[in-house]
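Analysis of the macromolecular model
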Amino acid sequence: MAVLLLDPPTQRYIAAVFFAIEFAWKLLLSTGFSLYASLRSLVFSAPVAAPSTGFPAKQPSLAWQNQQSQQPALRPIFFGATPLGVSAYWLVGVFCFIDLVFFAVLWSAQVPRFEMSAATALFITTVSWSINYALFAAVSIAKNPTFHLYLDSAPNEYQRSGLPQGVPGSGRGRVPTVTDEGGGFGAIPVGGPLSGIVGAGGAGTISIGDDDPHIVGSHRVNVLPKALARLRRVPSCRADSETRTFVPVDIYKAIPPCFVDVETLGFDGKVQRFNNVTLQDYTVADIAAGDGSRIALDKAVAEAGIGPNIPIMRFHGRLETSAIGLVRIVGFRDASGEPGSFDGNTVEVVECPKANWIGQGGEIGLKSDERCVDEMYQVGAEIFGTPPLTFWYSRTLNDVSSLEFVEVSLDAEDGTVSGGNVLSESQLNDQEMEQAALEVARRIADLRPSKFIHKIDVKLDAPGNVVFRFVNVTDGIRNTIPQPRCITSATCQSDKSARARAQPTFDEFGEAVGPDEPFKITVHPRPRAQFEDCTDLSILVPQPNDPYTQRHPVLPIHLNGQPVFNITIGIAASVDDVPSGQWQRLSRLDGLNRRDPDIEASEPGTYALLSVADARCSGEVEENARFCTVNKVLPPTIEVSAEPIRGGGVGAACVGAVGAVVNISLTGSPPFIVEYEEMKDSGERTQKKARIMKTKHVIPFEPDEPGTYVWEFTSILDMKYIKGVPIKNTRFTQTVHPRPRASILLDQPSISTQGLAMIRCLGDNAEVTVLASGGAGPWKVSYELYHNTKRLWSRDVEVNEGGARISTAALHASGTYMLSFIDILSADGCPGTFREGTQDVRIEVQAQRPTVSFKCPRPVAFLEGSSAQLELAVFGIPPFNISYVHVDTGIEGQYSTKRGATKKKEWLDVDFPGTYRLTGTSDSYCKGLVLPAIECQAVTIPRPTLSVLGATQVDGNRYVVPETCAKDMDKAFTVRLSGSAPFQMRYTHELPSRSNKLRAHRAEVEKRIEQHSYRVGLDTSESGKHVYRFQALEDVNYPTASWKGDVAVVTHNVLVRPTARFTNGTSGFVQCLNVDSQSSSYMPVGSGHTKDPSQGIQIEFTGKSPFELVVQLQHDGKEPQSIVVRNITETSHTFKPPLLSATGSYILQLVSLVDSTGCRSSIASDTPETRVELVVADTPRVTSLSARNVCVGDLLTFTLQGTPTFRLEYEFEGKFADVSVMDPVLTLYAGKPGLLRVRRVWNGVGCVLDLRKPEADALGVVVHPLPRAIVDGGEDLAEDIREGEESIITIEFEGEAPFSFTYSRSTLNPITGDIVGEEAFTITNIDEPSYVIRTRQEGLFQVTAVYDAHCGYPRLVQSPENANAVIGN
């Protein structure tokens, strides 16, 4: 390749020149296309429903007058063909190809600036392709249809520019229209870019079929008036925080942006003019949203695909103004510069109404206040704005709300009014009559803002929050602040006055508030005070070392309210002084922070609550709980007097006191505790207490030891003085000579709770112990023995300080003995007493001693691992202690029963066999006797066992049974059992694995056997190794098995029987005569019929080779022929039956099979895999009865010859399909265009005719599509033109030239939309794919028929239901 040797600056210059030339050439080419296309571009409109009023319009309804058709979506701006008939994509492809050639030339020229990095190359490529796409888009926009947005049009505008309500076509139905009860009408394209704006419904495609319309689109030409601007008569106001406001303007048939000339007349009478004011914030109504919302105009235009300089039917703008007064438009122009028309509407712009709350003290803008219950409060509402003024406000008390409406005027009597400094009517007449007429002056005067104060009286009768909130304020021209939210179309009505006076709902206004914050009155409850529990309030006399007596009681006062509290308490000497107000002292307590304050009563008397107040309100005192009495309690006192207790006796030594009796008198609050100290002349001191429940009490002091005693009382306690009060001068002295005393002790616990008692047996004696104290020893005790109320003897015993032991003689009679103690005397002759309950001892003598013996007439058997219970016969009073010995080993043992048992039988548990002998017994009180039957024998029972007969024992408990063939009958082995019948035997049968898993299948068997032998049948259903594991054997004695491991294991090997089956198909084989009538070629019969014939029929064997097979051949009821095949060494064998030449059906049946193990298998004849059908048949034929060229919707006919059922395979546009029929005539419906070829045909037995050869194309058929006529890109367009302008209608064809078509022009009634005239035109011999119609006439242009070289539309279309199959599905 040649290289340009240029310096780098020259190379860069050349590259820049090349870039400029390339861009200029592409720009020139695209501009030429655009200019040519713009001459024939169409402007179509999409009028929509009702004008926007701020309320949601009703959904448009779609009215069809004839059959309905599907409406295609609006096409994007970059689809379609160029005016030259080539695709716009082709133009982009040319541009990109030029770029690639240009870059290749620069690279080959080695321009340094072109040797760039990958990022730079990507950037240059992106820029170049973006330029190409921009030029391509410009060309497409110039040549494609655009939209007029007919938004919010009135009915007369619809009649001038919308599609008619119904337009008849040549068998194609009528154009659907959208009607809206709100007043707007229009034809709306369904699914197009404006579908999100104007909602559902629209102009349908006029066609016969609904699936693929062949004539789509129409063109309507209308003449529109000039552009129009109109001020919308809606309230407008300017808030205090704003310097300007916006007035809505409705614009019709204009090109944005738009400009107006505005005049304003202020309250001061001055007129100002503003020229060339630009309207802002262009929007259209979003009908699809359903709530009256608006979307930006530029977004709607972009979605609709509207080109520049195209008038928009209706949209909205906003006029920005800072004036206060009257505003009107005096001039209007759109982006084209042509002057438009405007109405003379004037709009009032005033100050926005506002409201403030005024407190009871006159504070304006007060946010909150506080009051107490049962007070009156006056709230003021200050309202400012243009009269007459109305407002809604809500009053809420503890979440319960109500709404109230107030209407005020300048002459109201219940408020005050003040006006601003504005121009009066007389001043206008004198000063500015040149600028404003008298009527305008009155109008200005009526707009004068005023201020009104409305007063509201409130009775605060419940605590809580009372909240006042402005819902809205409306002035005289219906400016409402804040604006309510629309909930339904019923609330969003255009009658502003009715809506302003109607009662709003909270759902409608939500939490909206007025210009200020809500005014809240917090109502506080009044405080209350009361005494709660005033019982037991006492003031004690202070005692040393007792802090409790030094504290004052706390008054039980309870306060309700909000801290801090202030209370007043009066103190009177008694309750009688309270009514007369004779107070000893008045006390005011301030700053109490607690509801239960700690207020101490420092003096006794009656306390009364006189007043209470909390941090916010004064309160009241509960009348029935306003008094409380506090008493003064004195310490308890004691008075003591004592006298001696005299003793008696024979000698003088007994003369003297044995103790003292103390008489006590008490004062105070019982119960009392008296503490005293007992002092002996030996110096021993003992502290003691006495609990006394009454005020009078007697305490006896009678010590056990002689001597001089001093008793001194030290303190006394009662319920009030719990720490005690000291006692003085309460001491007395007494010399004591104590009386002798005796007590009796038993060796065992007494058997009675009422006294001393014991049990003895015949021949036993009874013993007790006597203890004595008091007086001088030794002591003499006298006692007697009685038996059944008869005294046996009387005796004396001397008792020393250590006590004495008394024993009776042997008791030989049963019954009750009584040992009774008479008296006790000390050494000096003083008599004494016995301790309570110990003077008599009862002795119960049993008539018989305890005994024990075995009840064992025969040996006792027990199981291994358990124990035997040897029955014992016992007599006596339990518990028993029994001793025994094991005779065989000499081992001795003891057995003890539980205390309290009353059974006559006991059981001795032993776990070792042998003979046991009893050696002794005793019960709770006596030793017993062992009676005859002193021995008993225990023996063990053996476990059951199992042995196998009819098998070979190989190792211990393992056995082997001889081999057998699978499915052999009556094979078994016998098990012999030892033990006590009946037996329960459990074993498992492990079968060979049925899959590739390692673990075999296991079956568990459990049998009840009444005899000592059992025959176990062998399972030969599965071949392989069978294992029988006997795991448990139970008998009557051993119902639960306890072996560790198997009892016995029996192994049996089952040999598999051989099998045979056909492997290459079970539905049969076919031999076709045209294949080779002298050879053994076989083809499987079944689904598909597409397998090539194989040489022979495959048979598969299982078992051990060699095999011997017997096969039967049957034909048409003739005698079956047996075929024996021997010495087959392979498991897969190819069987070749004898040659067959006659057509018909043959049956091959597998009969029997033997393998090398000698196992024979008889093969069942009803198994599908053991018999096959062999059919000998002819080859089918096919003939086409249709022409070579047909149209979509025609029927293709073929005739078939051979044996039904037939299956025909055909190829359509590279895809294969097949159809099956019983009749010899096959019909196919041409559902899509393309080339159809018949490839193969099968008959009912599977013989195939293969036409997949070049010479078979004679059966090919070409299906041509129906032609299409597309008017203006397939859309129903309405174009507005000025008088003298020309409309261009483009018809594009799809099909094969030459084309012909017929179109009609319908004249419509401008009022009703009905057709009043129609004419038709036919154009023929069109060789180009498009045709252009130019017209200056009004009317609806529609194509009614279209034809190409092969087909036409409309046409008579065959029904697919008449065909066997549809081509192209």
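To keep things clear, this report deals only with the structure shown in the data block.

Criteria and thresholds
- Residues numbered from 1 in each chain as written.
- Predicted model: local features only at pLDDT ≥ 70, side-chain atom pairs only at ≥ 80, totals over all residues.
- Heavy atoms only, no water.
- Helix = DSSP H or I, 4+ residues; strand = E, 2+ residues; numbered from the N terminus.
- Buried < 20%, exposed > 50% of the residue type's maximum accessible area, 1.4 Å probe, protein only.
- Contact = heavy atoms within 4.5 Å.
- Areas by Shrake-Rupley, 256 points an atom, 1.4 Å probe, with all protein chains shown as cover.
- Patch = residues over 30% accessible without salt bridge, like charges linked within 9 Å, V, L, I, M, F, W, Y side chains within 5 Å.
- Salt bridge = Lys/Arg side-chain N within 4 Å of Asp/Glu carboxyl O.
- Pairing = 2+ DSSP bridges.
- Phe/Tyr/Trp six-rings, centres within 6.5 Å; stacked < 30°, edge-to-face > 60°.
- Lys NZ or Arg CZ within 6 Å of the ring centre and 35° of its normal.
- Disulfide = S-S within 2.5 Å.
- Core = buried A, V, L, I, M, F, W, Y, C linked by side-chain atoms within 4.5 Å.

Along its length, the chain carries ten helices and 102 strands. Per-residue burial over the chain gives 44% buried out of 1369 residues. Long-range pairs, those at least 24 residues apart, make up 73% of the contacts in the chain with a sequence separation of at least 6. Accessible area of the chain: about 69100 Å², with a carbon and sulfur share of 51%.

Judged by side-chain polarity, Phe 97, Val 101 and Val 105 come together as a nonpolar surface patch covering roughly 270 Å² of accessible area. The topology assignment puts Val 105 in helix α2 (residues 88-108). Residue classification places Val 105 among the partly exposed residues on the basis of a relative accessible area of 40%.

Remark on secondary structure: sheet strands pair via backbone hydrogen bonds, oriented parallel or antiparallel. The strand order across the open sheet formed by four strands is β6-β94-β96-β99, and the pairing between neighbours is mixed. With one partner strand each, in any of the chains shown, β6 (215-216) and β99 (1330-1335) form the two edges of the open sheet. For β6 and strand β94 (residues 1268-1271), the ladder comprises two bridges, and the chain directions are parallel. Across the sheet, residue Val 216 finds its bridge partner in β94, namely Ile 1270.

What follows concerns the sheet that holds strand β52 (residues 804-807). A sheet is described by the order of its strands in space; here four strands give the open sequence β52-β49-β47-β54, paired in mixed fashion. In the strand order of this sheet, the two ends are held by β52 and β54 (833-834), each with one partner. As paired elements, strand β47 (residues 741-746) and strand β49 (residues 767-773) share six bridges and run antiparallel to each other. Its bridge partner being in β49, Ala 742 is matched across the sheet by Ala 772.

Our focus in this paragraph is the environment of Ala 1345. Of note, Ala 1345 is situated in strand β100 (residues 1339-1347). With relative accessibility at 10%, the residue Ala 1345 sits in the buried group. C-alpha separation for the pair Ala 1345 and Thr 1322, spaced 23 residues apart in sequence, amounts to 9.0 Å.

Our focus in this paragraph is the pattern of salt bridges. With the rule as written, the count across this model stands at 43 salt bridges. In this structure, Arg 244 engages Glu 320 in a salt bridge whose closest nitrogen and oxygen atoms are separated by 2.5 Å. In this pair, Arg 244 sits in the loop between β9 (236-238) and β10 (245-254) while Glu 320 sits in strand β15 (residues 312-321), placing the two residues 76 residues apart along the sequence. In this structure, Glu 864 and Arg 943 form a salt bridge, with 3.2 Å as the shortest nitrogen-oxygen distance. Within this pair, whereas Glu 864 is found in the loop between β57 (860-863) and β58 (868-875), its partner Arg 943 is found in the loop between β64 (935-941) and β65 (945-949), the two being separated by 79 residues in sequence. Of the residues examined, Glu 864 reaches a relative accessible area of 40% and is grouped as partly exposed. It is possible to trace a salt-bridge network through shared partners that takes in Asp 261, Glu 263, Arg 273, Arg 328 and Arg 333.

The full count for this structure, using the stated rule, is 28 aromatic pairs. Judged by centre distance (6.1 Å) and plane angle (80°), the rings of Trp 357 and Tyr 393 are edge-to-face. Taken together, the positions of Trp 357 in strand β19 (residues 354-358) and Tyr 393 in strand β22 (residues 389-397) put the pair 36 residues apart, joining distant regions of the chain. We note that Trp 357, like Tyr 393, is buried. One aromatic cluster in this structure is built from Tyr 676, Phe 701, Tyr 709, Trp 711, Phe 713 and Phe 732. One cation-aromatic arrangement involves Lys 354 over Phe 384; the distance from NZ or CZ to the ring centre is 5.2 Å. The lysine or arginine in question, Arg 795, covers the ring of Trp 793, its NZ or CZ lying 4.0 Å from the ring centre.

Here the structure, examined in full by the defined rule, presents seven disulfides. Two residues, Cys 534 and Cys 628, share a disulfide whose sulfurs are 2.2 Å apart. Note on the Cys 534 and Cys 628 pair: the S-S dihedral is about -130°, so by sign convention the disulfide is left-handed. Within this pair, whereas Cys 534 is found in the loop between β29 (528-531) and β30 (538-540), its partner Cys 628 is found in strand β38 (residues 627-633), the two being separated by 94 residues in sequence. Under the relative-accessibility criterion, Cys 628 is labelled buried at 1%. Covalent S-S linkage joins Cys 761 and Cys 926, the inter-sulfur distance amounting to 1.8 Å. One disulfide, between Cys 761 and Cys 926, carries an S-S torsion of 105° and so falls in the right-handed class.

Grouped together as the largest cluster of nonpolar side chains are 45 residues, with contacts concentrated most on Val 1182, Leu 1208, Leu 1228 and Ile 1291. It is strand β88 (residues 1206-1212) that provides the largest number of residues to this core, a total of four residues. Residues Ala 254, Phe 267, Ile 295 and Ile 324 belong to the second largest nonpolar core, which totals 36 residues.

With respect to the helices and strands, the residue Thr 390 is situated in strand β22. When its relative accessible area of 3% is taken as the criterion, Thr 390 is described as buried.

Mapped onto the fold, Pro 235 is located in the loop between β8 (228-231) and β9. Taking the relative accessible area as the measure of exposure, Pro 235 reaches 27% and is therefore partly exposed. Placed 117 residues apart in sequence, Pro 235 and Cys 352 show a C-alpha to C-alpha distance of 9.9 Å.

This next bit is on unusual backbone geometry. Along the chain, Pro 256 connects to Pro 257 via a cis peptide bond; the corresponding omega equals 0°. Tracing the sequence through the fold places Pro 257 in the loop between β10 and β11 (259-266). Put simply, Ser 1105 and Pro 1106 share a cis peptide bond, and its omega is 0°. Looking at the secondary structure, you find Pro 1106 in the loop between β78 (1097-1102) and β79 (1107-1115).

What follows deals with the pairing of β11. The buried count for β11 comes to seven of eight residues, which makes it a mostly enclosed element. Pairing of β11 with strand β12 (residues 271-278) involves six bridges; the strand directions are antiparallel. Its bridge partner being in β12, Glu 263 is matched across the sheet by Arg 273. The turn linking β11 back onto β12 is made up of four residues, and Gly 269 within it adopts a positive phi angle of 90°. Both β11 and strand β16 (residues 325-333) contribute to a ladder of eight bridges, which runs antiparallel. Note on β16: the bridge partner recorded for Gly 266 is Gly 325.

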